[in-house]
Amino acid sequence: GGVSGRECEFEELYIPRNLEIIEHILKEDSDILCLQEFWVDNTELLQLYKSKLEHKYQWNQLERTGGRGDGLVTLLKHGIHVKDRRDIMFRDLGDRVAMLLRVEIPENMQYALPPPPANTQPHTSSDPAVACREVLLVNTHLLFPHQPYFSVIRLRELRKILGFLELYHQQLQADIPIIMCGDFNGAPDDSTCVLLRDRNFTAAQDETTEWVTHKTHEGDVVCCDYIFVQNPSERKGPIETHWQDYVFRSTKQRRVAASRRDDQTAATATLSPSGILLYNDSIIDRPLKDVEEYRFALENLGFKSVVKDLSDTQLHRLMTGPDSLYVEQDRLMDEKDAFRVYDSDGSGGISAEELSRISEGLGTIIPADRLSHALAKLGWIAMRDVKGEVDAETFEKWWREDMEPFFDLSASDTRDSGQAWNEGGSDEAMMTVKDGVRRGMRVKQLAKELRPALEFSLVAAEIYPQALARGEWPADYFLSDHGFVTCTYELKTT
């Protein structure tokens, strides 16, 4: 009594509480756990969790940007094989992040322990009759709605995750389930949950749920923690229709083009059918004239569902307030990120086949003869290593100089205008890509593995403490300001 301050200042308080959390985790014995707001900066606490859990779980963590001190942790039983990992940085006001893991689930989880010997990989069958047991697992924590207009930012964060998933899905060339876990900081009828349901993601809690999962710092009890699943059979079209915009463009670039309202500027800014916004560099820094124009731009960018509830005063704060800086420069991927995505085999180099996938992902196909020409033009022949690949430095230089201009050209800048793609002449293969993007061609459907797909069927959903399922927050519950949401699935093949 009489002691004031934050819990993190008192080890005698937070250590016992976290030991109880660890005990609960071990008792639940889940195969996969997604934790948010984990205090990754506390080395002692980090080692405590690892020492108690490492005999059963693999540890994957991702810190929030901006030195926030906390982050995401994804725990997987040792028998689950991590085949790939990608970190998604939103670069926005809340320094939020998402962790994407591609994992392979063993046929019998009861044999997942003890940990496999070092340097061994689980057997993966290439038999077309054997089901692909891979899953894309996303762990994330979206922005808390401290301000009403933060709903725009939170929806943007989710659409960036979906855009990245679509890009990754195209590189993967296989239909596999997606599990998205996290604190979405939105109720079941929030725009983020509505968007996921529109994309055929399903969660245990629907819009009528009585569940509460979080007690906010203001004392309100809300439902905001979910486990969403999308099975391959439920996927209708792209995971995110305008995925190129959310992955390769900053909100400023998208907003400038979307705010065009008059015929004079329409020729320099066009929203293509595929969602790629094309415009001239000279208008990028044009300031917004008023709130009405900003509202018009946000509605055009797919935020109508949240903008309709915001007043002009709230939108003006979004335009001019602390988030305005991050709204302008929040592109999801730079050249280093692009290299990591397109280096699909993780070899540390980009091959000719992977270059071809880049063009397909951007909306067109490079014929074999033109691909060879592009490789020679870009120095693939002279600069590749003994494996026939180009290293990261070469690729990143090429991406900055030759690929990023795709997203900064006006719709009226055609090949006939006399502007060469490269100084001294036009690269025929790259012009093919550029023209394909400009025409808004649909992304070519890549050949998929003809193997049975894994599907998740919800068996049971529980929350601890159980009172949270009735919408009640127990007065004696102090483990966390969140409940523990657990879903049990039956794995089937189709």
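Just above, that's the structure.
Keep in mind that what you see is a predicted model, and the values were worked out from it rather than measured. (Residues numbered from 1 in each chain as written. Predicted model: local features only at pLDDT ≥ 70, side-chain atom pairs only at ≥ 80, totals over all residues. Heavy atoms only, no water.)

> For this particular structure, what's the right way to read the overall build of the chain?
The secondary structure content of the chain amounts to 16 helices and 16 strands. Across the 494 residues in the chain, those meeting the buried criterion constitute 53%. The long-range share in the chain, meaning contacts at least 24 apart out of those at least 6 apart in sequence, stands at 74%. Summed over all atoms, the accessible surface of the chain reaches about 22800 Å², with 49% contributed by carbon and sulfur. (Helix = DSSP H or I, 4+ residues; strand = E, 2+ residues; numbered from the N terminus. Buried < 20%, exposed > 50% of the residue type's maximum accessible area, 1.4 Å probe, protein only. Contact = heavy atoms within 4.5 Å. Areas by Shrake-Rupley, 256 points an atom, 1.4 Å probe, with all protein chains shown as cover.)

> How should the sheet that holds strand β7 (residues 178-183) be read in this particular structure?
Sheets are built from strands that pair by backbone hydrogen bonding, the pairs being arranged parallel or antiparallel. With mixed pairing, the five strands of this open sheet are ordered in space as β4-β5-β6-β7-β10. Two strands lie at the open edges of the sheet, namely β4 (81-89) and β10 (225-230), each paired on one side alone. Neighbouring strand axes in the sheet, compared pairwise and without regard to direction, differ in orientation by 15 degrees on average. Where strand β5 (residues 97-104) lies against strand β6 (residues 134-141), seven bridges are found, and the strand directions are antiparallel. Bridge pairing links Val 103 to Val 135 in β6. The strands that helix α3 (residues 150-172) touches are β4, β5, β6 and β7; relative to β5, the one it contacts most, it runs at about 30 degrees. (Pairing = 2+ DSSP bridges. Axes fitted to C-alpha atoms, helices over the stretch in contact; angles between N-to-C directions.)

> When you look at the packing of aromatic side chains in this model, what are you seeing that I'm missing?
The way to describe two aromatic rings as a pair is by their centre distance and the angle between their planes. As enumerated under the stated definition, the model contains 11 aromatic pairs in all. Both rings, one in Phe 184 and one in Tyr 226, keep their centres 5.8 Å apart while their planes meet at 65 degrees; by these two values the pair is edge-to-face. Of the two residues, Phe 184 is situated in the loop between β7 and α4 (191-198) and Tyr 226 in strand β10; the sequence distance between them amounts to 42 residues. Neither Phe 184 nor Tyr 226 differs from the other in exposure class; each is buried. (Phe/Tyr/Trp six-rings, centres within 6.5 Å; stacked < 30°, edge-to-face > 60°.)

> So what exactly am I meant to see when it comes to the packing of helix α1 (residues 11-28) against helix α2 (residues 43-53) here?
Each pair of packed helices can be summarised by the angle the axes make with each other and by the distance between the axes. For the pair α1 and α2, the least separation of the axes is 11 Å and the interaxial angle reads 25 degrees. Relative to α2, the element α1 lies roughly parallel. In this structure, α1 meets α2 at a crossing whose hand is right-handed. Side by side, α1 and α2 meet where Glu 11, Tyr 14, Ile 15, Asn 18, Leu 19, Ile 21, Ile 22, Ile 25 and Leu 26 of the first sit next to Glu 44, Leu 45, Leu 48, Tyr 49, Lys 52 and Leu 53 of the second. Classifying every residue of the contact of α1 with α2 gives 11 nonpolar, one polar and three charged. (Parallel < 35°, antiparallel > 145°, perpendicular 65-115°, else oblique. Left-handed = near helix turned anticlockwise from the far one by under 90°. Nonpolar A, V, L, I, M, F, W, Y, C, P; charged D, E, K, R; others polar.)

> What is the right way to read the pattern of salt bridges from this model?
When the charged atoms of two side chains lie near each other, side chains of opposite charge can form a pair. According to the stated counting rule, one finds 17 salt bridges in the structure shown. In this structure, the salt-bridge partner of Glu 134 is Lys 83, at a minimum N-O distance of 2.7 Å. With Glu 134 in strand β6 and Lys 83 in strand β4, the pair connects residues that are 51 residues apart, well separated along the chain. With a shortest N-O distance of 3.5 Å, Glu 207 and Arg 197 are connected by a salt bridge. You can see Glu 207 sitting in the loop between α4 and β8 (214-215) and its partner Arg 197 sitting in helix α4, a full 10 residues away along the chain. In this structure Glu 207 comes out as exposed when scored by relative accessible area, which is 52%. By relative accessible area, Arg 197 is classed as partly exposed at 26%. Taken together, the salt bridges that share partners define one network made up of Asp 29, Asp 31, Lys 56 and Lys 77. (Salt bridge = Lys/Arg side-chain N within 4 Å of Asp/Glu carboxyl O.)

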